[in-house]
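# Examination of the molecular architecture
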Amino acid sequence: MYSKKVGIRLFFTFAIMLLLSSFVLAQTTGKIEGTVEDAEGQQLVGANVYLQGTTLGSSTDRDGAFTIESVPPGNYTIQVRFLGYKTAVAEVQVTAGETVTRNFTLESDVLDMEALVVTGTINPLKKIESSVAIATVNKQEIERRAPRNTADLLKAIPGFYVESSGGEGGNNLFARGIPADGSFRYVSLQEDGLPVFEDGELMFGNADLFLRVDETVDRMEAVRGGTASIFASNAPGGIINFISKTGGNKLGGVAKLTLGDYGLYRTDFNIGGPMSENWRFNIGGFYRHDDGVRPPGFTANQGGQIKGNFTRLLGDGYFRVNFKFLDDKNIFYLPIPLKNPDDPEAIEGFDANYGTMTSIDMNYLSVPTPKGESFEKNLDNGMHPQIKALGGEFFYEFDNGWTVKNAFRYTDTNEEFNAIFSLSDPFLASAYAADIMGGVEGAASYQYRFARSGDVITNPDDLNGNGLVAEVGWWSVSLPMSNFANDLQFSKSFGNHNLTLGFYHTDWKVNSLWYWQDVLAEVQGGQDDNTRALDLVLMDGAGQEVVSVTHNGLSRIGSTYNRYKLDAVSKALYLNDEFMLNDQLRFDAGIRYEFGRVNGFTENSEEFDLGDETTLADDNVLYGNGTFNPYDWDYDEIAFSVGANFKMSEGMAFFGRGSKGFRTPDDQHFVFNAPGSYKVEDVLQFEGGIKYASPHLAVFASLFAIQFENIPFSDEVVEEGEIVRAFRFANSQTLGAELEAIVQFGNFGLDLTATLQDPKYKDYLIFDYDDPQAEPTELDFTDNQVRRIPRIFGEVAPSYKLGDLNIYASYRFFGERYVDDANNNKLPAWAAINAGVSYRLGDFLLALNGANLTNTIGLTEGNPRAGQVIGAVKDIYMARPILGRTFTTSITYNF
């Protein structure tokens, strides 16, 4: 009884003290409240309002209102920021026990010229004050674009030609006309200022595999060329930085549900805010499940991620811990059979918009190895990165003006890559069988059967209405890897100079195993029709079986074997100076000295006959023989960049820049090229342009010139039925222009991005793969257009806003490209239309989006394995079109 009474007394004592302390605090502090709206009187939800020089602040609610409580008496400067609008400031005086009211009307900043950018610079700068070509995409723009994958969002960046037809990952980006095999070779794809993985072009490890766009992303910033070579390794083309939300002074978040007509079910969430006076947090993620735009008959995409951070405010700095867990399985789409190269069409039996050679019929793989083991994989595991990342960031400004900033991240990745790859163009079933039958003694006839059911195909020349068969690759790659990166910076202002000294360290490890098979398949694909594997059996004159060409649909077991290990370390010292000559003219100069070492080994392989006399499929099995070739290479290189920005007025500025960058070899060069053939690629780049902003019109236009040397190409191509590797070097030259423009009049808006460029080859050399030291062969490809890259591409995006209703559309266009370096095989120009509508209802946002509304068969690449340098276009060919028409609908709740 006594303890119960004591407990009650303590409770009421605590309650009274809490009430008294709140009363005293209210009498000794003041409060600031108000509203934030745009020029049309629309309330702005989520605007950040804070007092400069303090940790006090808030954000606006659904009515555009804010309240900052417990403000000590004194004079303050209120700053209001909201992406898409100019920053507003106001002076206030706070008196104890009183409430100060300040309302704000923000002017439109249609191209985010006043937005602070942190990518490619040391100190955050307004876009109009920066001397680099930079594009920004805010939360509202991401929402409007409704990208189907990460690469889809990157199409908002002028100068970057992006192929997003591969699905969630494995896509390609070509920066400013620089030749590449694909992937993200010349840009650094980053999260919060550090690469998602140090090398963005690992074989079967494209950088976009390791990054997902969800509600944890606050904005994207992309630097083209410019200072990228100073602030990132191997990034002469640019830096793309996805910046995460970090939690503000007020608890808030978002929950979103998205449904799609291809079986899509996706949930997103994000929540962030204060944990105490000096602690902030943000955590979010997504989970997604769908059947695929090109359905294979099994779940095409399934998985998600959780990502978050915790921030401790330190008065004149902060410390932040961040983490990410990603586990996502995704289908990889590759070239499909088409006809009419000048105006692509679907062939009989295969849907060009929704068909894929990837199929549930080939889902389970179980094959023997020369070691007597069974190699087993599942196609529905697809591209499957499992990522655990932990990092941190520290910033502090000392009383003497020195600042220190350090960011680090450790990433552990276990990736599998399983996909059906196109090899050669399709064959007539009869021609394919006759060709093989001619080399087998005693064979007089043949019989096709479905590999899973064993059913005989009575008339193969009429199979699926096209009579075609194709050899495709069942490629399986295991890719466990890890990466640690640390970026340390010291900065100090001296007069008009702001000097920064930085040290960057990164190391990464890769262990890779490939074991590939060839599959004989029919040519069929669509939303309800999946490709089936075939068996080809040769018969003698009496109709008895002589031998089966295939084994359970496999035309060759062990068509490729590759095992390698790579250990790399790179360190860099960099120095940067930002110099303000006056209020209008800003200069900056930077230099980077980088040195590193790469070593590892590749396992040799040889052919084995597994001894099954009933089939030809196991006669030539490639597998490791237990002997190894080591490699060891070190380098040191210098990059530099010099730029200037002249701010003629608040709304107009000019910039110019010259830079020299480099790109070191990646894993494919060490694995497939002989020692002594490794070369560092050098790039010399010049650029300049104009920035203009007014309430109704904003323009960011730039010109660029690039000279690239020692560009390597190393492709797997098919010649006479065998996968071989082409090994060549070239130089290139690109002149180009980039444009971003936005027109805004009342409720109507029009966005335009466009790139005009002329990428050309120079000094094209082909080396003997088996003897790279021999004199190379020079081909007369000078001034040929760089393959896969168009001379012109862009987007026009009109929008109309009527109260809470927003209607928008986009027209994306891409010029002609070539499949091959010889410029013999052309991919035609194409355009696609996307559109959507959204409606805000209180805290809810309802949206409906459609992609590729006209079901355009727009080709992004030819078959990169069917021969690149010289070849004739066939009536039926393999190419990869964009994904077919889809619709998604979403409901978003903001709180």
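Let me sum up the structure you'll find in this document.

Rules and cut-offs
- Residues numbered from 1 in each chain as written.
- Predicted model: local features only at pLDDT ≥ 70, side-chain atom pairs only at ≥ 80, totals over all residues.
- Heavy atoms only, no water.
- Helix = DSSP H or I, 4+ residues; strand = E, 2+ residues; numbered from the N terminus.
- Rg over C-alpha atoms; globule rule 2.2 N^0.38 Å.
- Buried < 20%, exposed > 50% of the residue type's maximum accessible area, 1.4 Å probe, protein only.
- Contact = heavy atoms within 4.5 Å.
- Areas by Shrake-Rupley, 256 points an atom, 1.4 Å probe, with all protein chains shown as cover.
- Lys, Arg positive; Asp, Glu negative; His and termini not counted.
- Charge placed at Lys NZ, Arg CZ, Asp CG, Glu CD.
- Core = buried A, V, L, I, M, F, W, Y, C linked by side-chain atoms within 4.5 Å.
- 1 Å grid on protein atoms, 1.4 Å probe; cavity = no way out; pocket = protein on both sides within 12 Å on 5 of 7 lines; lining within 4 Å.
- Points joined across faces, edges and corners; volume = space filled by probe spheres on them.
- Arc of directions from axis to C-beta.
- Phe/Tyr/Trp six-rings, centres within 6.5 Å; stacked < 30°, edge-to-face > 60°.
- Lys NZ or Arg CZ within 6 Å of the ring centre and 35° of its normal.
- Pairing = 2+ DSSP bridges.

## What about the overall build of the chain?
Of regular secondary structure, the chain possesses six helices and 56 strands. Relative to the compact-globule value of 29 Å for 895 residues, the chain shows a C-alpha radius of gyration of 30 Å, a close match. Counting only C-alpha atoms, the chain reaches 105 × 70 × 60 Å along its principal axes. Residues counted as buried form 57% of the 895 residues belonging to the chain. Of the contacts made within the chain by residues no fewer than 6 positions apart, 69% connect residues no fewer than 24 positions apart. Counting only carbon and sulfur atoms, one obtains 54% of the accessible surface of the chain, whose full area is about 35,300 Å². In the chain, 72 side chains carry a positive charge and 119 a negative one; their mean positions are 9 Å apart.

## Things to note about the nonpolar core
If you look at the biggest cluster of nonpolar residues, it comprises 75 residues, and the most contacted ones within it are Leu154, Leu173, Phe204, Ile240, Phe242 and Phe417. Setting aside residues no more than four positions away along its own chain, Phe417 makes contact with Phe204, Leu209, Phe332, Gly382, Met383, Trp475, Ser476 and Val477. One finds Phe298, Tyr515, Val519 and Ala521 within the second-largest nonpolar core, a separate group that totals 36 residues.

## Examining empty space enclosed by the protein
This structure, assessed with the given rule, holds 18 cavities of 30 Å³ or more. Estimates place the volume of the second largest cavity at around 170 Å³. Lining the second largest cavity are 15 residues; nearest its centre among them are Arg148, Asp152, Lys155, Ser164 and Arg812. Listing elements by their share of the lining of the second largest cavity, those giving two or more residues are strand E49 (805-814) and strand E52 (830-841). Top contributing element to the lining of the second largest cavity by residue count: E52, with three residues.

## So, helix H5 (residues 429-437)
Listed as buried for H5 are Ala429, Tyr432, Ala433 and Met437. Looking straight down H5, one finds that the buried residues subtend no more than 130° of arc, so they occupy a single side. Of the surrounding secondary structure, the elements contacted by the buried residues of H5 are strand E31 (427-428), strand E32 (445-450), strand E34 (468-494), strand E35 (497-522), strand E36 (534-539) and strand E38 (554-580).

## A few points about the environment of Asn645
You can see Asn645 is positioned in strand E40 (residues 621-649). Remark: the alpha-carbon pair of Asn645 and Met580, spanning 65 residues in sequence, is separated by 9.7 Å. Not counting residues within four places of it along the chain, the set of residues in contact with Asn645 comprises Ile128, Glu129, Ser130, Ser131, Gln584, Leu585, Arg586, Ala653, Phe654, Phe655 and Lys691.

## What about the environment of Ile742?
Note on placement: Ile742 falls in strand E44 (residues 722-745). Sequence-wise, Ile742 and Gly858 are 116 residues apart; in three dimensions their C-alpha atoms are separated by 26 Å. Once residues lying within four places of it in the same chain are set aside, the contact partners of Ile742 are Val110, Leu111, His696, Leu697, Ala698, Leu750 and Asp751.

## Considering the packing of aromatic side chains
Per the stated rule, a full pass over the model turns up 46 aromatic pairs. An angle of 25° between the planes, with centres 5.9 Å apart, marks the rings of Tyr161 and Phe174 as stacked. With Tyr161 in strand E12 (residues 160-163) and Phe174 in strand E13 (residues 172-175), this pair connects stretches of sequence that are 13 residues apart. With a relative accessible area of 1%, Phe174 lands in the buried category. Each ring, one from Phe417 and one from Phe421, has its centre 6.2 Å from the other, and the planes form 40°; the classification is tilted. Across the pair, Phe421 and Phe417 agree in class, each one buried. Ring-pair connections join several aromatic residues into one group, and the members of that group are Phe204, Phe332, Phe417, Phe421, Trp475, Trp514, Trp516 and Phe672. For Lys492, the ring lying beneath its charged end belongs to Phe494, and the centroid distance is 4.8 Å.

## Focus: the sheet that holds strand E55 (residues 876-881)
Taken in spatial order, the four strands line up as E26-E25-E55-E54 in an open sheet, and their pairing is antiparallel. Each edge of the open sheet carries a strand with a single partner, namely strand E26 (345-346) and strand E54 (859-862). Judged from the four bridges that link them, strand E25 (residues 336-339) and E55 form a sheet pairing that is antiparallel. Among the inter-strand pairings, Pro337 is bridged to a residue of E55, identified as Met878.

## Here's the deal with the pairing of strand E6 (residues 88-94)
On E6, burial follows the alternation: Ala88, Ala90, Val92 and Val94 on one face are buried, whereas Val89, Glu91 and Gln93 on the facing-out side are not. Where strand E5 (residues 74-81) meets E6, seven bridges bridge the pair, whose relative direction is antiparallel. Along E6, the bridge assignment pairs Asn75 with Gln93. Adjacent in sequence and paired antiparallel, E5 and E6 are bridged by six residues, among which Gly84 carries a positive phi angle near 95°.

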